Amino acid sequence: MVTTRAMMMTTSPDWARAVAILDGAEHVCLACHIRPDADALGSMVAVASALRDRGQGVVASFGDPFVVPAILTFLPGLELLSPPDRFPARPDVMMSFDASNVDRLGGLARSAGAAAELIVVDHHATNTGFGSVNLVDPAAAATAVLAAELISRLGVPLSREIAVGLYAGLVTDTGSFRFAATTPTVHELAAQLLRAGVDPAAVCRELYDRAPFGYLGMLAAALGRAQLDPAAVGGRGLVWTTVTRADRERAELALDAAESVIDEVRRTDDAEVAVVLKEDDQGVWQVSVRSKDVVDVGEACTELGGGGHARAAGFSHTGRAGEAIAALKGVLDRA
Ligand code: AMP
Ligand code: MN
Ligand code: MN
């Protein structure tokens, strides 16, 4: 796994080469990171729709588990998805969305390694530059910003279908236009997407304002066992909790239902860093880490084998939840 800081590199976007490769491709194979969020899946289906609109063949997928999160099932263009076992082993032209390193493609990492051309579209500062062409810009608020730029350079008009995927990525990765990455460019792109037919209220209702009734019980259980360590992170404070498999099984909820718990926990005024450990169906902890103003949790999570951004990052841990918290506190105290 390519995770050490020394191996990180970011290259500036090479738009002309990407456009030339895509212009010459009959078929394009698209992949996004495993357990996709709105930025990964929305950007990928947007570009897949744009290529299809140009008459090109597309195969779009993500590595197992091949399940679209419930809150993303409203995305238009999902009919372009195929299961990962139908993804070509040696694509001529492959694209990767919102993945900072090749391992984030899960089971599709092998195809990426064997692809004749690999166009990486991403905004993680820790991106390893694993493509033959890297459209990587850590200043971009979302991969969707780069996907929009690419679609424009391909000369494809923004259909409503394309715009909804891009808007979902943009609104999610900016925390509904709240985070520091919310630049004038972000709002300008949002305006373009609305003009292309996005209904922002409908999209945000799907993304944020609905859940099955059982979600309330899962959330209550998770918030009820939250712990605050005011001394952690050099006295800036750390708050953490877990969402166990049992919490989810009581309400037959998939792992993605636990995704938004971090947004409640990170409210805590008494803690610079907030952590939610979500137990997946295999018993592995998928750890979400957030910071407010000063702490770079992306670097910390990278040290622990994961990755992410300065204020939002994650890693996986096999073992006890307490061990993962202890390891994270150790890294954060040293930073
Ligand atoms: P999440 O907490 O799952 O919303 O993820 C927040 C950020 O951390 C996203 O940018 C993810 O791409 C990144 N991230 C989360 N988990 C991992 C992981 N296991 N490895 C690398 N990056 C991760
Ligand atoms: Mn993502
Ligand atoms: Mn993203």
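Residues numbered from 1 in each chain as written. Chains lettered and ligands numbered in written order. Predicted model: local features only at pLDDT ≥ 70, side-chain atom pairs only at ≥ 80, totals over all residues. Heavy atoms only, no water.

**Here we look at the sheet that holds strand S11 (residues 312-317)**
- With mixed pairing, 6 strands are arranged side by side in an open sheet as S6-S7-S8-S9-S11-S10. Two strands bound the open sheet, and with one partner strand each, they are strand S6 (227-229) and strand S10 (307-308). (Pairing = 2+ DSSP bridges. Helix = DSSP H or I, 4+ residues; strand = E, 2+ residues; numbered from the N terminus.)

**A few points about the domain arrangement of the protein**
- Looking at the protein, the domain boundaries give domain 1 (5-208) and domain 2 (214-334).
- Each of domain 1 and domain 2 has a C-alpha centre, and the two are 26 Å apart.
- Listed per partner, the contact involves 10 residues of domain 1 and 9 residues of domain 2.
- Around 880 Å² of area is buried between domain 1 and domain 2 when both sides are counted, 49% of it from carbon and sulfur atoms. (Domains from an automatic or database assignment. Contact = heavy atoms within 4.5 Å. Buried area = accessible area lost by both parts, 1.4 Å probe.)

**Topic: the coordination of the manganese ion (ligand 2)**
- The protein atoms donating to the manganese ion (ligand 2) are His 33 (NE2), Asp 37 (OD) and Asp 98 (OD), with metal-donor distances spanning 2.1 to 2.3 Å.
- A separation of 4.0 Å is found between the manganese ion (ligand 2) and the manganese ion (ligand 3), which share Asp 98 as a coordinating residue. One end of the pair, His 33, is in the loop between strand S1 (27-32) and helix H2 (38-53); the other, Asp 98, is in the loop between strand S3 (93-97) and helix H3 (109-114), and 65 residues separate them in sequence.
- Relative accessible area serves as the criterion here: at 3%, His 33 is assigned to the buried category.
- Take Asp 98: its relative accessible area is 2%, and that puts it in the buried class. (Donors = N, O, S within 2.8 Å, 3.2 Å for Na, K, Ca; no water. Buried < 20%, exposed > 50% of the residue type's maximum accessible area, 1.4 Å probe, protein only.)

**Quick word on the packing of H2 against helix H4 (residues 143-153)**
- Packing of H2 against H4 leaves a shortest axis separation of 9 Å and a crossing angle of 10°. Here H4 runs roughly parallel to H2, going by the angle between their axes. Facing Asp 39, Ser 43, Ala 46, Val 47 and Ala 50 of H2, the residues of H4 in contact are Thr 143, Ala 144, Ala 147 and Ile 151.
- Residue classes in the contact of H2 with H4 are distributed as 6 nonpolar, 2 polar and 1 charged. (Axes fitted to C-alpha atoms, helices over the stretch in contact; angles between N-to-C directions. Parallel < 35°, antiparallel > 145°, perpendicular 65-115°, else oblique. Nonpolar A, V, L, I, M, F, W, Y, C, P; charged D, E, K, R; others polar.)

**Observations regarding the site of ligand 1**
- Near ligand 1 lie 13 residues; those nearest to it are Arg 104, His 124, Ser 288, Arg 290 and Ala 313.
- Within the side chain of His 124, an N or O atom sits 3.0 Å from an oxygen atom of ligand 1.
- Between ligand 1 and Ser 288, the relevant distance is 2.6 Å, taken from an oxygen atom to a side-chain nitrogen or oxygen of the residue.
- Where the shell around ligand 1 is concerned, the elements lending two or more residues are strand S9 (285-291), S10 and S11.
- Of the residues forming the shell around ligand 1, the biggest block, 5 residues, is contributed by S11. (Near = heavy atom within 4 Å. Polar contact = N/O pair within 3.5 Å; in protein donor to acceptor, adjacent residues only side chain to side chain.)

**As for unusual backbone geometry**
- With omega at 0°, the peptide bond leading from Asp 64 into Pro 65 counts as cis.
- Its place among the elements puts Pro 65 in the loop between strand S2 (57-62) and S3.
- Not every positive phi belongs to a glycine, and Ser 176 is a case in point at roughly 60°.
- Look at Ser 176 and you get partly exposed, because its relative accessible area is 26%.
- The residue Val 233 is not glycine, and still its phi comes out positive at about 55°.
- Inspection of the secondary structure puts Val 233 in helix H9 (residues 232-235).

**Considering the sheet that holds S3**
- Spatially, S2-S1-S3-S4-S5 is the arrangement adopted by the 5 strands of the open sheet, whose pairing is parallel. Edge positions in the sheet fall to S2 and strand S5 (133-136), since each of these pairs with one other strand and no more. Taking the axes of each pair of neighbouring strands and ignoring which way they run, one obtains an average angle of 15° across the sheet.
- In terms of strand pairing, S1 meets S3 through 4 bridges, oriented parallel. In the sheet register, Leu 30 faces S3, and the bridge partner there is Met 95.
- Helix-sheet contacts for H2 involve S1, S2 and S3, and the interaxial angle to S1 is about 170°.
- Taken strand by strand, H4 contacts S3, strand S4 (117-122) and S5, and its axis lies near 125° from that of S4.

**Observations concerning the environment of Leu 277**
- Here Leu 277 shows up in strand S8 (residues 273-279).
- The sequence separation of Leu 277 and Ala 139 amounts to 138 residues, and the corresponding C-alpha distance is 28 Å.

**Observations concerning the packing of helix H5 (residues 160-173) against helix H7 (residues 200-208)**
- At their nearest, the axes of H5 and H7 sit 11 Å apart, and the two run at 60° to each other. If you check the angle between H5 and H7, you find them oblique. As H5 packs across H7, the resulting crossing turns out to be right-handed. Contacts between H5 and H7 involve Val 164, Tyr 167, Ala 168, Val 171 and Thr 172 from the former and Pro 200, Val 203, Cys 204, Leu 207 and Tyr 208 from the latter.
- Looking at the contact of H5 with H7, its residues break down into 9 nonpolar, 1 polar and no charged. (Left-handed = near helix turned anticlockwise from the far one by under 90°.)

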